[in-house]
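Coordinate inspection notes
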Number of protein chains: 2
Amino acid sequence: MIRRILAADLPAMAYAGRDHGPGDDAAFLADPGIVISTDLSIEGVHFQREWLSMRELGRRVSVVALSDLAAMAATPVGLLLSIALPSKDTRHLTPFYDGVGDALRESGAVLLGGDLSRSPGPWFADVVAVGRSLKPIRRDGAAIGHEIWVTGTLGGPAAAVRGWLDGEAVTDAARRSWAQVAARTDEALWLADAVSPSALIDLSDGLSGDAAHVAAASGVALVIELSEVPVASLAGGGDVGIDLALHGGEDYELLLTAPPGRVGPRTVEFEARFGAGLTRIGIVEEGEGVWGRSARGADRERLLRRGFSHWEEEGT
Amino acid sequence: MIRRILAADLPAMAYAGRDHGPGDDAAFLADPGIVISTDLSIEGVHFQREWLSMRELGRRVSVVALSDLAAMAATPVGLLLSIALPSKDTRHLTPFYDGVGDALRESGAVLLGGDLSRSPGPWFADVVAVGRSLKPIRRDGAAIGHEIWVTGTLGGPAAAVRGWLDGEAVTDAARRSWAQVAARTDEALWLADAVSPSALIDLSDGLSGDAAHVAAASGVALVIELSEVPVASLAGGGDVGIDLALHGGEDYELLLTAPPGRVGPRTVEFEARFGAGLTRIGIVEEGEGVWGRSARGADRERLLRRGFSHWEEEGT
């Protein structure tokens, strides 16, 4: 994954004092309480044109950026949208922006600006999401004994991507679960208020990958009870389903940690309010990394982050 | 120019009340006094790899974004840097980030975050610049009778680009004027304090193009005294020089308007402080658009924005 190269090669630079720089899902300017995130979506890397309509594409690149604000429990303010596209495709801009408008209306955010250019190659979108929060929830607060919870179900969007990459038929329901994914904005704000999570992150890289971010930032081990992971029915059953739920990615659900007993009493209210589940999937323990515990009990197996080949660097 | 298509196709969206959305160089969030801008730089569209070193590239994409903050007289806070590059080029990331570090040190800004991906085609960089200002200077305040001023000299960077596009030899001085261009950050902050410009913009599209933005936003005509335009010696003399200065672009100098008599008394101080000229080049008149007035007096000729072919959309 190319992100690893970034971490290795980034030269020492001055970072703002109380502000947070790279590491969380978004940058945080403490003084005015502004959260800013940026997300690349590139044709042939993050999506293929056949996978979704232009309107879905405009909405999805916006949702992915907005999800970074949810990951820090920030209230969306606006987007800046930089797009490069081949000259021949300018007729697609109207439905694309219609989709951006869909995401803006869903989130209550506005279009703040952007840039537009010709691309000599693929479609390229970089979406900047700007939010407000005086006290964003970071990924570094998970403490030993805290419970691990996730929203919704996992593995549905990844089932569609795996189907496309394997050249298999993809059902329309699976396609929509990927192409029409939503950001858990309202859910994040409610959770911040109702249960004060000790750590929060959105699941873009997959449960194993994003749990590893929380574990590394917090200096703890996250132990997942594999039988408790809410596998989406679209992901199928058995090993395939749990594999997609653990490693597939692109769910844009939320993972949070909280002191024991704090979240459980609020799950009924959460489900009634948002029509999605809130599931306890594990516990924070001493150590490092992400582990899976099977139903047999004490056995723990290291869950290494595994991604789809189209996300990975080839030859490096 | 593809920007025109954007303006035509952008659906009506809600814009933030007191905040400024698309139209200025950067978005302005009035409440916390935050200015945010985003700039695309794409290989084969905005630059060719042979034109500059990787370190110069990293610095230049950052400077271009920082110049948008200067255009609104905002104080730089930080950058978010989204980059996509071919897998084989990851060895270039270290000098590229060294160049980003150069721009950060020059401006006093810090790296706040970003994204990194593989590109299936060219290098893409989208740089978000974040600044602070409680009262940014916009481009819509030029009033009839106000003087028009520019910093520095114009046409040097464009001379290099024209040379490359025409397959001619480019001197190292011309190459450096393009590859090592600087943002007029300190100059903009000083001007905001010293002369309270009625309108301010940076010259990225060229004098004719950016003056047209000020004219349109302010509802006035900008009349340029052609003999007063400070043509860079690198741009050459005669018609070629004035053409590059008027239409070449990529100078990243500042254009400002101000009530008569306000700027003149401060030019000596400006030049002593910044080692660059501050030149009165015209007057704001009733009407619309940008006009050139020759030495012969009353004749006015409409200056239409003309760009280099590599900036333009082909076939649209």
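Numbering of residues begins from 1 in every chain and follows the order in which that chain's sequence is written. Following the order in which they are written, the chains are lettered starting with A and the ligands numbered starting with 1. The predicted nature of this model means local features are confined to residues of pLDDT at least 70 and side-chain atom pairs, given and counted, to a pLDDT of 80 or more, with totals for whole chains, interfaces and linings taken over all residues. Only hydrogens and water are set aside when side-chain values are computed; all heavy atoms of the structure are taken into account.

To continue, consider the overall build of chain A. Put simply, DSSP marks the helices as runs of H or I at least four residues long and the strands as runs of E at least two long, and each gets a number from the N terminus on. A tally of regular secondary structure across chain A gives nine helices and 12 strands. Taken across its 316 residues, chain A has 62% of its residues classed as buried. Only heavy atoms matter for contacts: two residues are in contact if any of them lie within 4.5 Å across the pair. Put simply, of all contacts in chain A between residues at least 6 apart along the chain, 83% involve residues at least 24 apart. Working note: accessible area of chain A is about 11,600 Å², and carbon and sulfur atoms make up 49% of it. Only protein chains enter the area calculation, which uses a 1.4 Å probe; residues under 20% of their type maximum are buried, those over 50% are exposed, and those in between are partly exposed. For accessible areas, the Shrake-Rupley method is used with a probe of radius 1.4 Å. Any residue's cover is judged against the shown protein chains and nothing else.

Moving on, we come to unusual backbone geometry. Residue and element names in this part refer to chain A. Of note in this structure, S196 is not a glycine but carries a positive phi near 40°. Note on placement: S196 falls in the loop between α6 (185-195) and β7 (199-202). According to the relative accessible area criterion, S196 is partly exposed, its value standing at 40%.

Quick look at the packing of helix α4 (residues 156-165) of chain A against helix α5 (residues 172-179) of chain A now. Residues and elements named next belong to chain A. Interaxial angles span 0 to 180 degrees and are taken between N-to-C directions of axes, which are lines fitted to C-alpha atoms, for helices over the stretch in contact. Relative orientation of the contacting elements α4 and α5 amounts to 115°, with a least axis distance of 7 Å. With respect to each other, α4 and α5 are oriented roughly perpendicular. Of the two possible hands of crossing, α4 and α5 adopt the one that is left-handed. On α5, the residues that touch G156, P157, A160, V161 and W164 of α4 are A174, R175, S177 and W178. Note on residue classes: Ala, Val, Leu, Ile, Met, Phe, Trp, Tyr, Cys and Pro are nonpolar, Asp, Glu, Lys and Arg are charged, and everything else, Gly too, is polar. Of the residues contributing to the contact of α4 with α5, the split by class is six nonpolar, two polar and one charged. When describing relative orientation, an angle under 35 degrees is termed roughly parallel and one over 145 degrees roughly antiparallel, while 65 to 115 degrees is termed roughly perpendicular and anything else oblique. For any pair of crossing helices, the crossing counts as left-handed if the nearer helix is rotated counterclockwise from the farther one by less than a right angle, and right-handed if it is rotated clockwise.

All names here are of chain B. One requirement defines pairing of two strands: DSSP has to find at least two bridges between them. One open sheet accounts for seven strands, arranged β7-β9-β6-β10-β8-β11-β12; its pairing is mixed. Strands at the two margins of the open sheet, each flanked by one partner only, are β7 (199-202) and β12 (300-302). Ignoring strand direction, the axes of neighbouring strands in this sheet form an average angle of 30°. Bridge count between β7 and strand β9 (residues 254-258): four bridges; the pairing is antiparallel. Bridge pairing in β9 places I201 opposite L255.

Residue and element names in this part refer to chain A. Here strand β8 (residues 221-225) lies mainly inside the structure; four of its five residues are buried. Here β8 pairs with strand β10 (residues 278-285) via four bridges, running antiparallel. Residue pairing in the sheet places L222 in a bridge with V284 of β10. Sheet topology note: the β8/strand β11 (residues 289-293) ladder contains five bridges and is parallel.

Looking now at the pattern of salt bridges. Between Lys or Arg on one side and Asp or Glu on the other, a salt bridge is scored when a side-chain nitrogen of the former is within 4 Å of a carboxyl oxygen of the latter. For the structure shown, the criterion picks out 38 salt bridges over all chains. Of the charged contacts in the structure, one is a salt bridge between B:R60 and B:E250, with a shortest N-O distance of 3.0 Å. Here B:R60, found in helix α2 (residues 54-70), pairs with B:E250, found in the loop between α8 (238-247) and β9; they are 190 residues apart in sequence, far enough to count as distant. Through salt bridges that share partners, A:E43, A:R49, A:K88 and A:D89 make up one connected network.

Below, the discussion takes up the packing of aromatic side chains. All names here are of chain A. Note on ring pairs: Phe, Tyr and Trp rings are taken, using the six-membered ring of Trp, and paired if centres are within 6.5 Å. Classes follow the plane angle, with under 30 degrees stacked, over 60 edge-to-face and the rest tilted. Scanning the model with the defined rule gives 17 aromatic pairs over all chains in all. Ring-pair connections join several aromatic residues into one group, and the members of that group are W51, W164 and W178. To sit over a ring, a charge needs its Lys NZ or Arg CZ within 6 Å of the ring centre and within 35 degrees of the ring normal. Seen from the ring of W178, R60 lies directly overhead, with NZ or CZ sitting 4.0 Å from the centre.

Turning our eyes to something else, we now look at α2(B). One fewer than the residue count of a helix, multiplied by 1.5 Å, yields its expected span. The end-to-end C-alpha separation of α2(B) is 24 Å, in line with the 24 Å expected for 17 residues at 1.5 Å each. Of all the 17 residues making up α2(B), 16 are buried; the element is thus mostly covered by neighbouring parts of the structure.

As a further point, take the sheet that holds β8(A). All names here are of chain A. One open sheet accounts for seven strands, arranged β7-β9-β6-β10-β8-β11-β12; its pairing is mixed. One side of each edge strand has no neighbouring strand; the edge strands of this open sheet are β7 and β12 (300-302). The sheet shows a mean angle of 30° between the axes of neighbouring strands, taken without regard to direction. Here α6 sits on the sheet in contact with β6 (147-151), β9 (254-258) and β10, set at roughly 5° to β9.

Quick look at the confidence of the model for chain A now. Residues and elements named next belong to chain A. In this model, chain A carries an average pLDDT of 87, and 86% of its residues clear a pLDDT of 70 or more. Scored below 50 in pLDDT, residues 1-22 shows 50 contacts in the model against residues more than four places distant or in partner chains. Note: pLDDT gives the predictor's confidence per residue, expressed from 0 to 100. Predicted confidence is poor over residues 307-316, with pLDDT under 50, and the contacts of this stretch with residues over four places away or in other chains come to 28 contacts.

As a further point, take the packing of helix α4 (residues 156-165) of chain B against α8(B). Residue and element names in this part refer to chain B. In the contact formed by α4 and α8, the axes pass within 8 Å of each other and the chain directions differ by 110°. Overall, the two elements α4 and α8 adopt an arrangement that is roughly perpendicular. Between α4 and α8, the contacting residues are A158, A159 and R162 on the first element and V240, D243 and L244 on the second. Taken together, the residues that form the contact of α4 with α8 break down as four nonpolar, no polar and two charged.

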